[in-house]
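Results of the structural survey
Letter by letter, the chains look like this.
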Amino acid sequence: MNSTIRLGRIAGIEIGVNWTWLAVFALIVWSLAARVFPDAVPGRADSTYYAMAIVAAILFFSSLLLHELGHALEARREGMQIDGITLWLFGGVAKFRGMFPSAGAEFRIAIAGPLVSLLIGAAFIGLAIAWSGSEEVETVLEWLGQINILLLVFNLLPALPLDGGRVLRSALWAFRGDFVFATRIAATIGRAFGALFVAGGLALAFLADESQTNGIWIALLGWFLYAAASSEAQAGVVHARLAGLRVGDLMVRQPASVRPDQTIGELMEGMIWTDRHEAYPVVEGDRAVGLLPFGAIADVPRREWDVRTVRDAMVPLSDLPVLREDEPLDQALARLGDGSGQALVVDGDRVTGLLTATDVGRALQRRS
C-alpha cells in the first residue's frame, strides 16, 4: 500500500496517506455526525455534531498512526529498516524492509502496536471519567476510548496479517523452527476469519434493515483480510524458494550501460539493436545516476530522438531500488515490487549489476 500524499517524518519515519484514506475519513465524519453523536447527546446543532466528528476522526487516525509507530520503532530497535507508514482505507500499515530476524523479534514488533492502542484506549476512557466539563467533549473521549479498545480486540485475532496473527506465527515459528509452516497455519486461519467476516457481513447487509452499512463494511473488511492472508501465504512460499540466495546469485553482471548525455537517436542507431536488454544503467564517469528502461525509450516520439537525451527519459537513482550484491534475495524482492521491477546493484557509486523481477521469476520457477 503506497502513499499518495506524503505528510512528513516522525522520528525519521516517513508518514503518508493513500487516497482511500480520504474516503474513509469522510465516511467516519458523516456517520459520527449523522448518527452516533446525535444519539449520544441529542438536541445539538448540526454544526456541533460535525465539529465533534471532525475532532474525533482526527484523533482516531492519530491513534492509528501511534499504533503503527509502535510497530515501526520496535522494528527499528530489532535492526530492521522501515520504508514508512501509510494511512489508508482500513487503517494504517507500517512497511518493513526484509524478513523478521527471528521469532522473538516478530513477537515484540507485533505486540508493540496493540500495547500502544491499549494505553491510548485506557487514557481516553480515563479522561472521559475524569472530565467534568461539557457533555460533547466527554462523548468524544468516550467514543475514542471505546473504538481504540474495540480495534485492539479485533487486531489480536489470531489471523494473519493482523497483529494477533503475527503473534501466533512467531509462537509457531519459535516452537517448530519453521517460518514457512508457521506462515501457512496463521494465513489459513486468516483466510477462515476473512471468509467468516464476508459471509456475516453480507448476511447482515441483506437481512437487517438497520445494519446494511455496517454489514457492507464488515464484508469489505473480510475480503481484505482474506486477500491479505492469501498474500502472506504466497510470500511464505516465495521465502522458502529463495532461501539462501543473494542478489549476486541472480543479477546480470557488468550490464551494458549508457551515458546521460547520449541522445535517444544515438542509442537506437547503435547498441540497442545489437545489445538489447530490459533496462540500461545510466553511468556518468564511474558513478551510477539512473536507469533507462527500454519501455521509456519506446515512449519517446521518433521525431524527438535526435534532441531528447538519456537523462530526459531515465529513472533517476533517487527513485530506484538500489541493492547490494550480498543482500538476501527475499528482501530485495520486496523492494523490486515497490517500483518498476528493476533495480541497480551497486558497490558505493559503481554499478556492479542489474536485477529485474523477470530474473527472480525465473529463479522461482526453477525452484518450484
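Just above, that's the structure.
All residue numbers refer to positions counted from 1 along the written sequence of the respective chain. For a predicted model such as this one, the threshold for reporting local features is a pLDDT of at least 70, and the threshold for listing and counting side-chain atom pairs is 80 or more; totals across whole chains, interfaces and linings nevertheless cover every residue. The side-chain figures draw on all heavy atoms in the structure; neither hydrogens nor water molecules are used.

**So, unusual backbone geometry**
At the junction of leucine 160 and proline 161, the peptide bond is cis and its omega measures out at 10° in the coordinates. What counts as a helix is a DSSP run of H or I of at least four residues, what counts as a strand is a run of E of at least two, and both are numbered from the N terminus. Its location among the elements puts proline 161 in the loop between helix 4 (135-155) and helix 5 (163-176). Unusually for a residue other than glycine, alanine 11 sits at a positive phi of about 55°. Within the secondary structure, alanine 11 is located in the loop between strand 1 (5-10) and strand 2 (13-17).

**Overview of the nonpolar core**
In these notes, a set of buried Ala, Val, Leu, Ile, Met, Phe, Trp, Tyr and Cys residues joined through side-chain atoms within 4.5 Å is what counts as a nonpolar core. A simple rule labels every residue: compare its accessible area, found with a 1.4 Å probe on the protein chains alone, to the largest value its type can have, and call it buried under 20%, exposed over 50%, or partly exposed in between. Grouped together as the largest cluster of nonpolar side chains are 27 residues, with contacts concentrated most on Trp21, Ile28, Leu32, Phe37, Phe60, Phe61 and Trp143. Elements with a minimum of two residues in this core: helix 1 (19-40), helix 2 (46-77), helix 3 (103-130) and helix 4. Beyond its immediate stretch of four places on either side in the chain, leucine 32 contacts Phe37, Pro38, Ala53, Ala56 and Trp143. Within the second largest apolar cluster, 17 residues are counted, among which are Leu267, Phe294, Val310 and Ala313. Should any heavy atoms of two residues lie within 4.5 Å, those residues are counted as being in contact.

**Digging into helix 5**
Owing to its 3.6 residues per turn, the α-helix aligns residues three or four sequence positions apart on the same side. With 14 residues, helix 5 should reach 20 Å at 1.5 Å per residue; the first-to-last C-alpha distance of 20 Å fits that figure. Within helix 5, the full set of buried residues consists of Asp163, Gly164, Gly165, Arg166, Val167, Arg169, Ser170, Leu172 and Trp173. Positive phi appears at glycine 177, one or two residues downstream of helix 5, with a value of about 70°. For a helix, the expected span equals 1.5 Å multiplied by the number of residues minus one.

**Focus: the sheet that holds strand 9 (residues 322-323)**
The strand order 5-11-10-9 describes an open sheet built from four strands, whose pairing is mixed. Looking at strand neighbours, the two that pair on one side only are strand 5 (252-253) and strand 9, the edges of this open sheet. Here, any two strands with at least 2 DSSP bridges between them count as paired. With two bridges connecting them, strand 9 and strand 10 (residues 342-347) associate as parallel partners. Among the inter-strand pairings, valine 322 is bridged to a residue of strand 10, identified as leucine 344.

**Digging into helix 4**
Its 21 residues place the ends of helix 4 30 Å apart at the C-alpha level, agreeing with the 30 Å of an ideal helix rising 1.5 Å per residue. Looking only at helix 4, the buried set comprises Thr139, Val140, Leu141, Trp143, Leu144, Gly145, Ile147, Asn148, Leu152, Phe154 and Asn155.

**What about the sheet that holds strand 7 (residues 287-293)?**
Taking strand neighbours across the sheet as the criterion, the three strands line up as 6-7-8 in an open arrangement whose pairing is antiparallel. Looking at which strands have only one partner, the edges of the open sheet turn out to be strand 6 (279-284) and strand 8 (315-316). Bridge count for strand 7 against strand 8 is two bridges, and the pairing is antiparallel. Counterpart to leucine 291 in the pairing with strand 8 is valine 315.

**What to know about the environment of tyrosine 226**
With respect to the element layout, tyrosine 226 can be found in helix 7 (residues 212-242). Here tyrosine 226 falls in the partly exposed class, since its relative accessible area comes to 40%. Considered as a pair, tyrosine 226 and arginine 362 are 136 residues apart in the sequence and their alpha carbons are 28 Å apart. With sequence-adjacent residues up to four places away left out, tyrosine 226 is seen in contact with Arg191, Gly194 and Ala195.

**Comments concerning the packing of helix 3 against helix 4**
A fitted line through C-alpha atoms serves as each axis, taken over the contacting stretch for helices, and the angle formed by two N-to-C directions is quoted from 0 to 180°. Viewed as axis vectors pointing N to C, helix 3 and helix 4 meet at an angle of 155°, and their least axial separation amounts to 8 Å. As far as their axial angle goes, helix 4 and helix 3 are roughly antiparallel. Relative to helix 4, helix 3 is oriented so that their crossing is left-handed. In contact with Pro114, Ser117, Leu118, Ile120, Gly121, Ala122, Phe124, Ile125, Leu127 and Ala128 of helix 3, helix 4 contributes Glu138, Leu141, Glu142, Leu144, Gly145, Asn148, Ile149 and Leu152. We call Asp, Glu, Lys and Arg charged. Ala, Val, Leu, Ile, Met, Phe, Trp, Tyr, Cys and Pro are nonpolar, and the rest, Gly among them, are polar. Of the residues contributing to the contact of helix 3 with helix 4, the split by class is 12 nonpolar, four polar and two charged. Oblique is the label for any angle not covered by the other classes, which are roughly parallel (under 35 degrees), roughly antiparallel (over 145) and roughly perpendicular (65 to 115). Take the far helix as your reference; a near helix turned counterclockwise from it by less than a right angle gives a left-handed crossing, and one turned clockwise gives a right-handed crossing.

Read these as geometric descriptors, not functional statements.
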